[in-house]
Amino acid sequence: MSPRLPIAVRLTPAFARGHVKLGHLLRSVGGPDVRGQTATWRLSSREWAFARALLLHHTRLWLWRTDPKARAGDFLVLDMSSPKRYNRRAWVIDLKCLAPLKLGGGGAGISLIHADRAVAYLVEAGLAEPHTPRLATGDGAVLLALLTTPLRGPDPP
């Protein structure tokens, strides 16, 4: 019996550069026997393009691939620009090819119903304090623009 994998696996700049394989990242968090799991977690071409652009150009944003079966979006993003955990906010995002930006989870169907579990994972890892995640869906380009533009005003829904 293989150990249960967490809800998310952190993707690193080394992964984006092709120096580390997804299977290695999965083994680092789920134990040695996860051969059957790698295919489930594999990124589509549009997910890969999004992850690569974010990881190589925006080092303050840490990126996790969420478990595709967990209904916690495609990715979890944590803004690490603050040294204080209580100031770090997480986005749970779901990519939708060519779709406009929608905040609050609209357009994702059931893909984001367990977003709170993804943030709980960050809390358990000691990276953030408990909070309601920001939810967003849309095309990778609009999500990159959202994530890389400093927020002004109150948190979005």
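For the structure, see preceding data.
Keep in mind that this is a model prediction, so the values were computed, not measured.

## Comments concerning the overall build of the protein chain
Move 1: Each helix and strand in the protein chain was counted, giving six helices and six strands.
Move 2: In the protein chain, which comprises 157 residues, the proportion classed as buried is 45%.
Move 3: Sequence-distant contacts, at least 24 apart, represent 62% of the contacts inside the protein chain between residues at least 6 apart.

## Examining a nonpolar patch on the surface
Move 1: A cluster of nonpolar side chains, contributed by Leu 101, Leu 103 and Val 142, occupies part of the molecular surface with about 190 Å² of accessible area.
Move 2: Topologically, Val 142 is positioned in helix H6 (residues 140–148).
Move 3: For Val 142, a relative accessible area of 30% translates into the label partly exposed.

## Examining the pattern of salt bridges
Move 1: Using the criterion set out here, one finds four salt bridges in the structure.
Move 2: When the shortest N-O distance is used, the salt bridge between Arg 60 and Asp 79 registers 2.6 Å. With a gap of 19 residues between them, Arg 60 in the loop between helix H4 (45–57) and strand S2 (61–66) and Asp 79 in strand S3 (residues 75–79) connect regions that are remote in the sequence.
Move 3: Take Arg 60: its relative accessible area is 29%, and that puts it in the partly exposed class.
Move 4: Taking relative accessible area as the criterion, Asp 79 reaches 22% and is therefore assigned partly exposed.
Move 5: For the salt bridge of Asp 94 with Lys 96, the shortest nitrogen-to-oxygen distance reads 2.8 Å.

## Quick look at the sheet that holds strand S1 (residues 8–11)
Move 1: Pairing within the open sheet is mixed, and its six strands lie in the order S1-S2-S3-S4-S6-S5. For this open sheet the edge positions go to S1 and strand S5 (102–103), each flanked by a neighbour on one side alone.
Move 2: Lying on the sheet, helix H5 (residues 115–124) is in contact with S1, S2, S3, strand S4 (90–95) and strand S6 (134–138); it crosses S4 at an angle near 135°.
Move 3: Across the sheet, H6 lies against S2, S3, S4, S5 and S6, angled at about 170° from S4, the strand it touches most.

## Here we look at H4
Move 1: Over its 13 residues, H4 extends 18 Å from the first C-alpha to the last, a length consistent with the 18 Å expected when each residue adds 1.5 Å.
Move 2: Among the residues making up H4, those that are buried are Glu 47, Phe 50, Ala 51, Leu 54 and Leu 55. With its buried residues spanning 115° around the axis, H4 presents them on a single face. Residues of H4 that are exposed and angled more than 90 degrees away from the buried face: Ser 45 and His 57.
Move 3: The inward-facing, buried residues of H4 contact S1, helix H1 (13–16), S2, S3, S4 and H6.

So, how was this worked out
- Residues numbered from 1 in each chain as written.
- Predicted model: local features only at pLDDT ≥ 70, side-chain atom pairs only at ≥ 80, totals over all residues.
- Heavy atoms only, no water.
- Helix = DSSP H or I, 4+ residues; strand = E, 2+ residues; numbered from the N terminus.
- Buried < 20%, exposed > 50% of the residue type's maximum accessible area, 1.4 Å probe, protein only.
- Contact = heavy atoms within 4.5 Å.
- Patch = residues over 30% accessible without salt bridge, like charges linked within 9 Å, V, L, I, M, F, W, Y side chains within 5 Å.
- Areas by Shrake-Rupley, 256 points an atom, 1.4 Å probe, with all protein chains shown as cover.
- Salt bridge = Lys/Arg side-chain N within 4 Å of Asp/Glu carboxyl O.
- Pairing = 2+ DSSP bridges.
- Axes fitted to C-alpha atoms, helices over the stretch in contact; angles between N-to-C directions.
- Expected span 1.5 Å × (residues − 1).
- Arc of directions from axis to C-beta.

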